[in-house]
Each structure stands twice: as structure tokens, then as C-alpha cells.
Amino acid sequence: MASRISELIIPCQDPNGLAAFWCEVLDFVVLDTEDDGSVEIGPREGFGGLQPTLIFSPTTEPKTGVLRMHFDVNATDRDQDAELERLLSLGARPADVGQTGEESWHVLADPEGNEFCLLRTRLS
């Protein structure tokens, strides 16, 4: 028997805004909202599937420094360049975490500055 990641909690200042951004990025839907302002998003089939859900939990503290953990995403229905343009149009922006420029991935930041990488490989 082993464990599996079921949820990832992301403290943020605008849970609804960040949830909307990541729903568009990942083709997720809002699964639940809590009285404290937390918003849970996940795959259309809901909690408990192969992909973990994301819970955006409100905080008044701003993000500081580079994240110790970040998301890597892969396009599923287009090449990396087309996906990069889509992510930028959704509100992602390029981020510099010390990359050399020779990487096969793009480092981006979501609307609250959380870094994530767009990898080259296309997943089906």
C-alpha cells in the first residue's frame, strides 16, 4: 500500500482569481468553495482521481522569494510554442529564476507570481 497526493494547497491573496487562471491552464473546474474563501479546483471527474485537486487558500501574506516547489505543465493538444502563447494570453508572464536560456522549458509565473515551468514534451 502506498500514498498518493490528493490535494495541493496554495496560499494566495486572490483565491477566486488564481482558481480561474489555473482552471483555464489545466482545463479544471471549481469543485468547492469554503466559508473561509478557499476555492478547490480539479478535473471534471472530481476529487480522488489520478490528478490531485488544487486548493487556493486565502492569506494576506504576499509571496516572497522563489518557490521551493513548483508545477511543471505540458501541453496536451498543441506544441510548446502555441501553448506558451496561450498561457501568456491567460495572464502568465515570463519569470527569471536563474535559467541560462538554453533550457528546453519556459519558466513562467501565474498572476500572483508563483513560478511554474512549461515543458517541451506534449502529453496525450
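Calculation notes
- Residues numbered from 1 in each chain as written.
- Predicted model: local features only at pLDDT ≥ 70, side-chain atom pairs only at ≥ 80, totals over all residues.
- Heavy atoms only, no water.
- Phe/Tyr/Trp six-rings, centres within 6.5 Å; stacked < 30°, edge-to-face > 60°.
- Helix = DSSP H or I, 4+ residues; strand = E, 2+ residues; numbered from the N terminus.
- Buried < 20%, exposed > 50% of the residue type's maximum accessible area, 1.4 Å probe, protein only.

### Digging into the packing of aromatic side chains
Phase 1: Inspection of every chain in the model, using the stated rule, returns four aromatic pairs.
Phase 2: Their ring planes at 65° and their centres at 6.3 Å tell us that Phe-21 and Phe-116 sit as a pair that is edge-to-face. Within this pair, whereas Phe-21 is found in helix H1 (residues 15-26), its partner Phe-116 is found in strand S8 (residues 115-118), the two being separated by 95 residues in sequence. Residue Phe-21 shares its accessibility class with Phe-116, and that shared class is buried.
Phase 3: Centre to centre, the rings of Trp-22 and Phe-71 are 5.2 Å apart; their planes meet at 70°, and the pair counts as edge-to-face. Taken together, the residues Trp-22 in helix H1 and Phe-71 in strand S5 (residues 71-73) connect sequence positions 49 residues apart.
Phase 4: Residue class for Trp-22 comes out buried when judged on its relative accessible area of 2%.
Phase 5: By relative accessible area, Phe-71 is classed as partly exposed at 21%.
Phase 6: An aromatic cluster is defined as three or more aromatic residues linked by ring pairs; in this entry it consists of Phe-21, Trp-22, Phe-71 and Phe-116.

Geometry only, nothing functional implied.
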